[in-house]
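Summary of structural features
These are the residues of each chain, in order.
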Amino acid sequence: TLHVQKRLLIVAVAAMIPVAMAAGWALSALLRDEQHSIESKSLEVTRLALAAIDVEMQRHLASLRTLTYSQQLLDGDLVGFKSLLIHVLKETPEWGSITLRSANGQLLIGTEISEPPNLPVIDQTSFEAVLATKSPVTGNLVKNASGQWTAVFRVPVVQDSRVIYVLSARVR
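Attention here is on the structure that accompanies the text. Along each chain, residues carry numbers from 1 onward, in the same order as the chain's sequence is written. Where local features are concerned, this predicted model is filtered to residues with pLDDT of at least 70; where side-chain atom pairs are given and counted, the filter is 80 or more; whole-chain, interface and lining totals use all residues. Side-chain numbers here rest on the full set of heavy atoms in the structure, without hydrogens or water.

1. Section: the overall build of the protein chain
Helix and strand counts for the protein chain stand at four helices and five strands. Numbering of helices and strands starts at the N terminus; helices are DSSP runs of H or I of at least 4 residues and strands are runs of E of at least 2. Ordered by position from the N terminus, the helices and strands of the protein chain form the series α-α-α-β-β-α-β-β-β. For the radius of gyration, the atoms used are the C-alpha atoms, and the globule rule reads 2.2 Å times the number of residues raised to 0.38. Its C-alpha radius of gyration of 31 Å places the protein chain more than 25% over the 16 Å reference for a compact globule of 172 residues. By the burial criterion, 31% of the 172 residues in the protein chain qualify as buried. Expressed as a percentage of contacts within the protein chain between residues at least 6 apart in sequence, the contacts between residues at least 24 apart total 49%. Computed by Shrake-Rupley with a 1.4 Å probe, the accessible areas treat only the displayed protein chains as cover when residues are assessed. Here the protein chain displays about 11,300 Å² of accessible surface, and carbon together with sulfur accounts for 63% of that area. Of the side chains in the protein chain, 16 bear a positive and 15 a negative charge, and the two mean positions are spaced by 9 Å. Burial classes follow relative accessibility: with a 1.4 Å probe on protein chains only, a residue under 20% of its type's maximum area counts as buried, one over 50% as exposed, and anything between as partly exposed. We call two residues in contact when some of their heavy atoms are within 4.5 Å. In this count, Lys and Arg are taken as positive residues and Asp and Glu as negative ones, while His and the chain termini are left out. We put the charge of a Lys on NZ, of an Arg on CZ, of an Asp on CG and of a Glu on CD.

2. Here we look at the sheet that holds strand E5 (residues 162-171)
Read across the open sheet, the five strands follow the order E2-E1-E5-E4-E3; overall the sheet is antiparallel. At either margin of the open sheet sits one strand with a lone partner, and together these are strand E2 (107-110) and strand E3 (137-143). Taken over all neighbouring pairs, the strand axes of this sheet differ in orientation by 25° on average, direction set aside. With seven bridges connecting them, strand E1 (residues 95-102) and E5 associate as antiparallel partners. Residue pairing across strands places arginine 101 opposite valine 166, the latter belonging to E5. Helix-sheet contacts for helix H3 (residues 78-91) involve E1, E2 and E5, and the interaxial angle to E1 is about 160°. DSSP bridges decide pairing: two strands pair if at least two such bridges lie between them. Working convention: axes come from line fits to C-alpha atoms, limited for helices to the stretch in contact. Angles between N-to-C directions cover 0 to 180 degrees.

3. A word on H3
For a helix, the expected span equals 1.5 Å multiplied by the number of residues minus one. For H3, with 14 residues, the first-to-last C-alpha span of 20 Å sits near the 20 Å given by 1.5 Å per residue. Those residues of H3 that fall on the buried side of the exposure criterion are Gly80, Phe81, Leu85, Val88 and Leu89. Buried residues in H3 make contact with helix H1 (2-67), helix H2 (71-74), E1, E2 and E5.

4. Remarks on a nonpolar patch on the surface
Here, patches come from residues exposed beyond 30% relative accessible area and free of salt bridges, joined within 9 Å for like charges and within 5 Å for nonpolar side chains (Val, Leu, Ile, Met, Phe, Trp, Tyr). Just to be clear on terms, a salt bridge is a Lys or Arg side-chain nitrogen sitting within 4 Å of an Asp or Glu carboxyl oxygen. Together, Leu9, Val13, Ile17 and Met21 line one region of the surface with nonpolar side chains, adding up to about 400 Å² of accessible area. Here methionine 21 is to be found in helix H1.

This is the structure:
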């Protein structure tokens, strides 16, 4: 009877091995499908987020470009143009500050009270890119004076085929 019990045990184990293997294979396939589904959903969420960021970046650049057509700026009325920029900042809370610099980098207008006239250009690379391409540029992420990360958006003010000013906004 012990001999019969051993044989029955062997038969039972032998019968369970294919079932266990099939269950393992099914579980593996299920996990693989789930992994693929998660990767696909993550990729789609990332694409949507990048599209939203791109739209937001284009909106900031379009707003800055619109300001370059201000009659005050075109007439050289920098006091009046600064007043306009201060009003724009009130309506655009995500903008931390707006600056207008000459092509040589001299600060002509700064909307932050604490900005001294000799304040160096933040993200010199993007400033130089605007001058070289005469096109709007989104700069790098930089830390402002309070340690907060901001993105710099720049647009050229072109007159007679040359950049005379660079208008920049730091966006939080």
